[in-house]
Each structure stands twice: as structure tokens, then as C-alpha cells.
Amino acid sequence: QKAVESQFSMFKNTLLGKLSANVKGGGSSFDPARATSRLALSGDFSILNGQFATLDIGRMAVEGVNQAVSKAADKIPQLKGKQLPVTQGRESRYQVIRSKFQMSEGRFVAPDFLAVAEKDAGIDIKGVQKMDLLKQDLDAHFELTDTYNLTRARDVSLEIADQKVDAVLAEKGKAVRFPISVGCKLTQPCPSYTELPEHFAKVVA
């Protein structure tokens, strides 16, 4: 915490938890911004009991599913009006968050990012995360898996030809999963759900 406050404040909007890391590389400067740009590092990290400082994964998931279902209803009318309840202020917690990483010229890339949620406390994440620590830019592409059905997306059912079809947003025998992208700033992430309507239309069909 003292290191972050004094020299690495750019990390305060990323992840919280107990960090273990293997790191190779180096760089130096008394000026924090210049030190960030001169750092050339590679390795891997693991965070236990992790939380995201600014990403509200649960809210993003619910918003994404609701927007996608509304648009997919154009192709599948039975989806019209099927919306998930939006809950505010639920804190996601993760057993472990881990990835390999590379950092140079202030850009941090985690190419095999994985976050495994605690039971009934979060949504599993895997994908690629990129951060420009000088500009505070964020560019992430994730697949979310709602293992514990926290969004209630697996509860969505349809009546087709007088037959009730359960869990229409999930592939058979699996949890609901779907892609999202997250951009903008580390302090103000902007989720994008453009891939979701087609994704769910295919799953339902």
C-alpha cells in the first residue's frame, strides 16, 4: 500500500488483493511517470482474495444480457420482455486472478487473464487485458461465465409451441457465458456489448 501511494499510484485503479509475482526486467528514474515509461518487465502474477477496484463485473453482465436480449428479440420474438433484475452495489470477490504479463513504455498487457470467482460471489472471467498506465487507458476483451447464476440469466425460459424451454440463454448443460469488451479509462471503464445479441440469438436458436 505504501509503495502504491508513493510511487505506483497508477495501479490504484486496477486490482486489489494479495499479490505474488515472478518478474524479469528493469528500469529506473526518480520521477514516477518517467519510471513507468522506462520499465521493461515480463513475468506472471497471481492475486488471492482479489477484487477489481473500478470494474463492476456483475452490473456489466446484467446490463449486457438485458441489452442483448432486447435486440435479439427482433429475431426471436419470444424473448421480448425477458429482462434480468439489476442489482446495485454487489461486491465481486475472486479466489484467484492470474495471468502472464508484459510491460514496456508504460503499456501493460495480460494475454491470458483469468479470474476465478469465489462461490456465489462473482462471475468468472477470461481473456486479454491491456492498460496504458501513462494515459490511464483500458482495453479488455473478456468471456464472462456466470458459474453461480448470479445474474439469474440461466432462469430465463421460453414458451415455444406450448412447451416450456428452460435456460435458453445457456448452451446445454453449461453456465451462461458471453463476450464483452471494456474500454475508456481505468477510472471510468466503458463496457461494450456489440457481440452479445448475435451470440445469444445463436444460443437460443
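Quick note: structure is the one above.
Position labels on residues start from 1 in each chain and follow its written sequence. Predicted model: local features are reported for residues with pLDDT of at least 70 only, side-chain atom pairs are reported and counted for 80 or more only, and whole-chain, interface and lining totals are derived from all residues. Calculation of side-chain values draws on the structure's entire complement of heavy atoms; hydrogens and water are dropped beforehand.

Visitor: Can you walk me through the overall build of the protein in this structure?
Guide: Secondary structure follows DSSP: runs of H or I at least 4 residues long count as helices, runs of E at least 2 residues long count as strands, and numbering of each begins at the N terminus. Helix and strand counts for the protein come out as four helices and 10 strands. Put simply, the protein runs from its N terminus to its C terminus through helices and strands in the order α-β-α-β-α-β-β-β-β-β-β-β-β-α. Here the analysis covers contacts within the protein between residues at least 6 apart in sequence; of these, 60% occur between residues at least 24 apart. Only carbon and sulfur atoms are counted for the fraction: they give 50% of the accessible area of the protein, which is about 11,600 Å². We call two residues contacting when some pair of their heavy atoms lies within 4.5 Å. All accessibility values rest on the Shrake-Rupley procedure with a 1.4 Å probe; residue burial counts only the protein chains present in the view.

Visitor: For this particular structure, what's the right way to read the sheet that holds strand β10 (residues 189-192)?
Guide: Hydrogen bonding along the main chain pairs the strands of a sheet, whether they run parallel or antiparallel. Any two strands with at least two DSSP bridges between them are considered paired. If you walk across this open sheet you meet the eight strands as β1-β2-β3-β4-β5-β6-β9-β10, and the pairing is antiparallel. The outermost strands of the open sheet, each flanked by one partner alone, are β1 (15-26) and β10. For this sheet, the mean inter-axis angle between neighbouring strands, taken without regard to orientation, is 15°. The sheet contact formed by β1 and strand β2 (residues 40-52) spans 11 bridges and is antiparallel. If you follow Leu16 over to β2, its bridge partner there is Gln51. Strand contacts of helix α3 (residues 57-72): β2, β3 (94-104), β5 (124-132), β6 (137-145), β9 (177-184) and β10, with the helix running at about 115° to β9, the strand carrying the most contacts. Every axis in this analysis is a line fitted to C-alpha atoms, fitted for helices over the stretch in contact. Angles between the N-to-C directions lie between 0 and 180 degrees.

Visitor: Where do I start with the pairing of β9 in this structure?
Guide: Regular strands place side chains that alternate from one sheet face to the opposite one. Pairing of β6 with β9, which is carried by six bridges, proceeds in the antiparallel orientation. Looking at β9, one finds that His141 is bridged to Ser181. Alignment of β9 against β10, held across four bridges, turns out to be antiparallel. Opposite Gly183, over in β10, you have Cys190 as the bridge partner. In textbook terms, the turn of a hairpin is the stretch between consecutive antiparallel strands, and for β9 and β10 this stretch comprises four residues.

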